[in-house]
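Chains, contacts and geometry: an overview
As a plain string of letters, each chain reads:
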Amino acid sequence: MLPHDFPKWYHVAYYFYKWVADGTLTKINDYLREEIRIEDDRCPEPSLIIMDSQSVKTTNSGEGRGFDVAKQIKGRKRYCMVDMLGLLILVMVTAASVQESDGGQELVIDIKGKTSRLKKVIADQGYKQWLVDWVSVQEVGMRVGTGHPAQ
């Protein structure tokens, strides 16, 4: 289902999987995000990140399906971390049965090495207090807050 002016699907798939494996797509995303932030008179690295998740229905094919009891959805859950401009910093996909705080913990672990300027992660009420407490005892130089960014 690629546009007609694209190469054959197997060539596109080859480069996609190659660039995912060697980190090229991540590097491109990071570079473009930094450039957009600079154009907006911001520091290239954010000091505040917003973390959220969304459960989505999926078909029977593929791996990693689960049931999100809170939302009554069978499928997968995507976790995203974005900056205040809404630019993607980190994304992770799990089974929908994974709790928000467990997925959030994985994101916080993954984000530690990605930016040195990060001070606060904003999350909604779906993330439990134990995650806030866990981050506070880690020596990562950041804290998790639930609620409005001004808090």
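This is a predicted model, so every value here is computed, not measured.

Reading the values: the criteria
Throughout this description, residue numbers start from 1 for each chain and increase along the sequence as written. The model is predicted, so local features are restricted to residues of pLDDT at least 70 and side-chain atom pairs to those at 80 or more, both for listing and for counting; the totals for chains, interfaces and linings are taken over all residues. Side-chain calculation: all heavy atoms of the structure are included, whereas hydrogens and water are not. By salt bridge we mean one thing: a side-chain nitrogen of Lys or Arg within 4 Å of a carboxyl oxygen of Asp or Glu. For helices the rule is a DSSP run of H or I covering at least 4 residues; for strands it is a run of E covering at least 2, with both sets numbered from the N terminus onward. Only protein chains enter the accessibility calculation, which uses a 1.4 Å probe; a residue whose area is less than 20% of its type maximum is buried, one above 50% is exposed, and one in between is partly exposed. In protein, a polar contact requires one atom able to donate a hydrogen and another able to accept it; more generally it is a pair of N or O atoms within 3.5 Å, and residues adjacent in sequence count only if both atoms are side-chain atoms. Whether two residues touch is decided by their heavy atoms; if any such pair falls within 4.5 Å, the residues are in contact. Within this analysis, patches are made of residues with over 30% relative accessible area and no salt bridge. Like charges are joined at 9 Å or less; nonpolar side chains (Val, Leu, Ile, Met, Phe, Trp, Tyr) at 5 Å or less. With residues, only the protein chains shown are counted as cover, and all accessible areas are computed by Shrake-Rupley using a 1.4 Å probe. Note on pairing: DSSP must find at least two bridges between two strands before they are called paired.

1. What about the pattern of salt bridges?
The final tally for this structure, using the stated rule, is four salt bridges. With a shortest N-O distance of 2.9 Å, arginine 37 and aspartate 83 are connected by a salt bridge. Placement of arginine 37 in helix H2 (residues 24-39) and of aspartate 83 in the loop between strand S3 (73-82) and strand S4 (88-95) is noted, with a sequence separation of 46 residues between them.

2. Some points on the side chain of aspartate 83
Taking relative accessible area as the criterion, aspartate 83 reaches 1% and is therefore assigned buried. Among the polar contacts listed, one links the side chain of aspartate 83 to the side chain of arginine 37, at a separation of 2.9 Å. In this structure the side chain of aspartate 83 is engaged in a polar contact, spanning 2.9 Å, whose partner is the backbone nitrogen of leucine 85. Sequence-distant contacts of aspartate 83, that is, excluding residues within four places in its chain, are made with Arg33, Arg37, Pro46, Leu48, Ile50 and Ile89.

3. Quick look at a nonpolar patch on the surface
Together, Tyr14, Tyr15, Phe16, Tyr17, Trp19, Val20, Leu25, Ile28, Tyr31 and Leu32 give the surface a local cluster of nonpolar side chains, amounting to about 1,000 Å² of exposed area. Within the residue set of the nonpolar patch, elements represented by two or more residues are helix H1 (9-22) and H2. Among the structural elements, tyrosine 15 can be located in helix H1.

4. As for the pairing of S3
Side-chain positions along a regular strand alternate between the two faces of the sheet. Summarising the sheet, strand S1 (residues 48-57) and S3 pair through eight bridges and their orientation is antiparallel. The partner of aspartate 52 across the bridge, within S3, is cysteine 80. One ladder, built from seven bridges, connects S3 with S4; its direction is antiparallel. When the bridges of S4 are listed, arginine 76 appears paired with alanine 95. Hairpin connection between S3 and S4: a loop of five residues separates the two successive antiparallel strands, and glycine 86 in this loop has a positive phi of roughly 85°.

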